[in-house]
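# Observations on the three-dimensional arrangement
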Amino acid sequence: MNNKIAGLHHITAIAGNAKRNYDFYTGVLGLRMVKKTVNFDDPGTYHFYFGNETGAPGTILTFFPWEGIGTGRIGTGMASEIGYAVPIGSLGFWAERFQQLGVQHETNIERFGEKLLSFTDPDGLKINLIEPLQDDQRKPWQAAGVTEKEGLKGFHSIVLTLNDIKATAEILTDVFEYRLQAQEGNRYRFITDAVENASIVDLEEAPELGRGVNAAGTNHHVAFRVANEDILMNYRAKIAARGLSITPKIDRDYFFSLYFREPGGVLFELATDNPGFATDETAEALGSSLRLPKQYEPSRAKIEAVLPKLD
Ligand code: ZN
């Protein structure tokens, strides 16, 4: 991965009810909650992180659950579909599980030569389980009812839906060093060789959809991965040099970040591998208790009283 953009770091989406979101991602999909904290800008709201055992970059899906926020609409200028890699031969298991648990899904889809099962979470967020062509050695988290033979390994890809793909494609190729790998209809697959998995971004050109509305059931931003803060700041300079406005470096406690809106309208973040999630609790205990950033620790009792109960 050296000094390049190393695929996806995390994806952040918006949910409605917190408990329903928590139950779905841990209980139905079998992901591990690797961090339970609050929105740093709105501490009366949770920030959930779901991932593999350690919350490795490229496996982390995060949510802001805002009760009563209303439903968003998928459209242009946003990330529209999250792709998870699953073990070869496991899609039948997932179709049966979703059937039993009443999860809306669609089977027998093939895209870019890969088998795919598409479903929506309880808020309407679109997710695809994909049996990847590229070998994927990442170990899934094992939860009740989901074993290593079926578990989600981490991200395969993200789909960005755009009015016109050109300017976004240029950011991917000219700044992030991705290359166009294939095209199918209005979908263009970009890939980086800097990392083995979570290395794909699909651009979907769909002007007829109109602008998306960001609320429950839609993605808020897509974070790309860099090894450390030096590389982060190198990319900051490259992006600023293209005339795009970009934030200063922000300390997110578990990684350092920059945010910018790419010309197609999608909010991009760059996030570092360091320091990771096992900083304020042990690797074994990840996600088991509410973690607060320093500035909110004095208000812990008040915050705990307003956050929704999860069990
Ligand atoms: Zn983020």
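All of the points below concern the structure found in this document. (Residues numbered from 1 in each chain as written. Predicted model: local features only at pLDDT ≥ 70, side-chain atom pairs only at ≥ 80, totals over all residues. Heavy atoms only, no water.)

## Re the sheet that holds strand β9 (residues 154–162)
- Pairing is mixed in the open sheet, where eight strands are placed in the order β6-β7-β8-β5-β9-β12-β11-β10. Strands at the two margins of the open sheet, each flanked by one partner only, are β6 (105–111) and β10 (179–184). Neighbour-to-neighbour, the strand axes of this sheet turn through a mean angle of 25°, independent of strand direction.
- Of the pairings in the sheet, the one linking strand β11 (residues 187–191) to strand β12 (residues 200–205) comprises five bridges and is antiparallel in character. In the strand pairing of β12, R189 is matched with D202.
- Contacts from helix α3 (residues 166–175) reach β9, β10, β11 and β12, with the element oriented near 165° to β12. (Pairing = 2+ DSSP bridges. Helix = DSSP H or I, 4+ residues; strand = E, 2+ residues; numbered from the N terminus. Axes fitted to C-alpha atoms, helices over the stretch in contact; angles between N-to-C directions. Contact = heavy atoms within 4.5 Å.)

## What to know about the pattern of salt bridges
- Under the defined criterion, the tally for this structure stands at 20 salt bridges.
- A salt bridge links R138 to D136; the shortest N-O distance between them is 2.8 Å. There is no split in this pair, since R138 and D136 are both buried.
- One salt bridge in this structure joins R189 and D202, with 2.8 Å as the shortest N-O distance. Taken together, the residues span a long stretch of sequence, with R189 in strand β11 and D202 in strand β12 at a distance of 13 residues.
- Overall, the relative accessible area of 4% leaves R189 in the buried class.
- Several salt bridges share partner residues, and in doing so they unite K35, D280, E281 and R291 into one network. (Salt bridge = Lys/Arg side-chain N within 4 Å of Asp/Glu carboxyl O. Buried < 20%, exposed > 50% of the residue type's maximum accessible area, 1.4 Å probe, protein only.)

## Concerning the environment of V175
- Examined against the element boundaries, V175 turns out to sit in helix α3.
- With a relative accessible area of 3%, V175 lands in the buried category.
- Distance from V175 to K309, taken between C-alpha atoms, is 43 Å for residues 134 residues apart in sequence.
- Beyond its immediate stretch of four places on either side in the chain, V175 contacts E170, Y235, K238, I239 and R242.

## Here we look at the coordination of the zinc ion
- The zinc ion binds to the protein through H10 (NE2), H221 (NE2) and E269 (OE), with metal-donor distances spanning 2.0 Å.
- In primary sequence terms, the donor set of the zinc ion follows H-x210-H-x47-E. Here E269 lies in strand β16 (residues 267–275) and H10 lies in strand β1 (residues 8–15), a separation of 259 residues in the sequence.
- Given a relative accessible area of 2%, H10 falls into the buried group. (Donors = N, O, S within 2.8 Å, 3.2 Å for Na, K, Ca; no water.)

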